[in-house]
Amino acid sequence: MDTMPYKTTLFIGLLLVSPLLRAQQSDQDPFPVRGFCIAAPDRADLKTFIRFIDEELATRRVNTLILRVDFNYAFKSHIELRDSGALTAKEVLSLVNACKKHNIRIIPQINLLGHQSWEGTLNNLLKKYPEFDETPTVKMPADYVWPNPDGLYCKSYCPLHPGVHKVVFDLVDEICTAFKADAFHAGMDEVFYLGHDSCQRCAGRDKAELFAGEVALIRNHLKEKDRQLWIWGDRLLDGRTTGMGMWEASYNSTWRAVDLIPKDVVICDWHYERPDQTPVYFAMKGFTVVTCPWRMPNVAVVQADDMVKFRKTATPEMKDRYAGMVQTVWNSTSSFLKDFYNDSNDKPVETNTEINCFITLFKRIKTLGFPQ
Ligand SMILES: [Zn+2]
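Residues numbered from 1 in each chain as written. Predicted model: local features only at pLDDT ≥ 70, side-chain atom pairs only at ≥ 80, totals over all residues. Heavy atoms only, no water.

**Q** Which parts of the structure should I look at to understand the coordination of the zinc ion?
**A** Octahedral metal centres with six donors ideally show angles of 90 or 180 degrees, and tetrahedral centres with four donors ideally show 109.5 degrees. Donor atoms from the polypeptide that coordinate the zinc ion comprise Glu134 (OE), Cys158 (SG), Cys199 (SG) and Cys202 (SG), at 2.1 to 2.3 Å from the metal. Along the chain, the residues donating to the zinc ion are arranged with the sequence spacing E-x23-C-x40-C-x2-C. Here Glu134 is found in the loop between helix H4 (124-128) and helix H5 (164-178), whereas its partner Cys199 is found in the loop between strand E6 (183-187) and helix H6 (207-223), with 65 residues between them in sequence. For Cys199, a relative accessible area of 3% corresponds to the buried category. (Donors = N, O, S within 2.8 Å, 3.2 Å for Na, K, Ca; no water. Helix = DSSP H or I, 4+ residues; strand = E, 2+ residues; numbered from the N terminus. Buried < 20%, exposed > 50% of the residue type's maximum accessible area, 1.4 Å probe, protein only.)

**Q** What's the story with the pairing of strand E2 (residues 64-68) in this structure? I'm lost.
**A** Looking along a regular strand, one sees side chains alternate from face to face of the sheet. In terms of residue burial, E2 counts as a mostly covered element, since five of its five residues are buried. The alternating pattern of E2 places Thr64, Ile66 and Arg68 on one face and Leu65 and Leu67 on the opposite face, and all of these are buried. When strand E1 (residues 33-39) meets E2, the two strands line up parallel, connected through five bridges. When the bridges of E2 are listed, Cys37 appears paired with Ile66. Handedness of the crossover joining E1 and E2 through helix H2 (residues 46-57) is recorded here as right-handed. Regarding the hand of the β-α-β motif, the stretch spanning E2, helix H3 (residues 89-101) and strand E3 (residues 105-112) is right-handed. (Pairing = 2+ DSSP bridges. Right-handed = clockwise from strand over helix to strand, strands pointing away.)

**Q** I keep staring at unusual backbone geometry and nothing clicks. Help me out?
**A** Working note: non-glycine residues mostly have negative phi, and peptide bonds are mostly trans. In this chain, Trp146 is followed by Pro147 through a cis amide linkage whose omega measures 0°. Looking at the element boundaries, Pro147 is found in the loop between H4 and H5. The phi dihedral of Arg61 is positive, around 60°, even though this residue is not glycine. Although it is not a glycine, Leu113 sits at a positive phi angle of roughly 65°. Structurally, the position occupied by Leu113 is in the loop between E3 and strand E4 (117-118). For Leu113, a relative accessible area of 0% corresponds to the buried category.

**Q** What is the right way to read the packing of aromatic side chains from this model?
**A** Any pair of aromatic rings gets described here by the distance separating the centres and the angle formed by the planes. One pass over the full model with this rule turns up 25 aromatic pairs. Ring centres of Phe52 and Phe340 lie 5.2 Å apart, and the angle between their planes is 85°; on these two criteria the pair is classed as edge-to-face. One end of the pair, Phe52, is in helix H2; the other, Phe340, is in helix H11 (residues 333-341), with 288 residues separating them in the sequence. Take Phe52 and Phe340: they sit in the same class, and that class is buried. With 5.3 Å between their ring centres and 90° between their planes, Tyr73 and Phe75 make a pair best called edge-to-face. By relative accessible area, Tyr73 is classed as buried at 4%. Judged by its relative accessible area of 0%, Phe75 is buried. Ring-pair connections join several aromatic residues into one group, and the members of that group are Phe36, Phe49, Phe52, Phe336, Phe340, Tyr341, Phe358 and Phe362. When the ring centre of Tyr251 is taken as origin, the NZ or CZ atom of Arg240, which lies over that ring, is 4.3 Å away. For Arg295, the ring lying beneath its charged end belongs to Trp294, and the centroid distance is 5.3 Å. (Phe/Tyr/Trp six-rings, centres within 6.5 Å; stacked < 30°, edge-to-face > 60°. Lys NZ or Arg CZ within 6 Å of the ring centre and 35° of its normal.)

The structure is reproduced here in structure tokens:
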């Protein structure tokens, strides 16, 4: 070494040290992901939403924005699937630039597999391509009620239909390009219709294998362009054994898919009423996991504290899998923004609202410390 020129030695030294520096940086940051998840705004709310990014997300050092776009984009590959008044490429670019300014990573979402209808309304994919329906014999009711004799929560597409992925992947590719995204969120929560007896392709098949097959297919497609797949975690949890129930966990045996899907899928682990310790389960299975609260500030605070504790007490192998927190908003973006800016959110901070949860969670994250 003593014969090496100084610059070469320094260079080699930096090469050796830099992974260590990176590790130390990540150790100092208890929340590598400080996220916010909401539906993409309507065109009319675009300016207000960008104001929200500038004034509320950036100031709280939010660095990840999951935008549920679905069909609210003027797709060129499938014009027939656009919502009326969908965001144009130019409007999307204004969102992308607003986020770029603050180093916020946008992850666009289209619900794949499940959530192809809502209450009595079919969503665009099955409206235009009814042949993709997993349960063609289940008719959409005029007056939707839950529970109902069909067990209809949301429709699913058939993961084994030979034509469905051509259409769906066109949308995925186009939206990732439009949002300049290196990750895509496929939803995949609350899939109740899967391997249904009324589907000639899927009847009798193993539901965990069907679910895992669909996850792997989407993940592999994204991987071709070096993009990462994010999904909700509920189908990977055993609802009966854990007592977590049929919504935030699975009653239809899909939970065994946790051992069948690729480990580089990022899990958004949502629990809105209890701070369940499921991040430990996902991290031990090899997944990167983020915890997602909704409207209970007290639960979100415990979840944030837990995330810090998990990272502190983890083995080096697991530490970075505890990736952070993502606040979710399920109200329409229009109502959320109206409530936020019209001061109609005058309820005490401990009241359970999305706005209070958002404000309280990020106050807590600030207290728990950012990296310098
Ligand atoms: Zn099927």
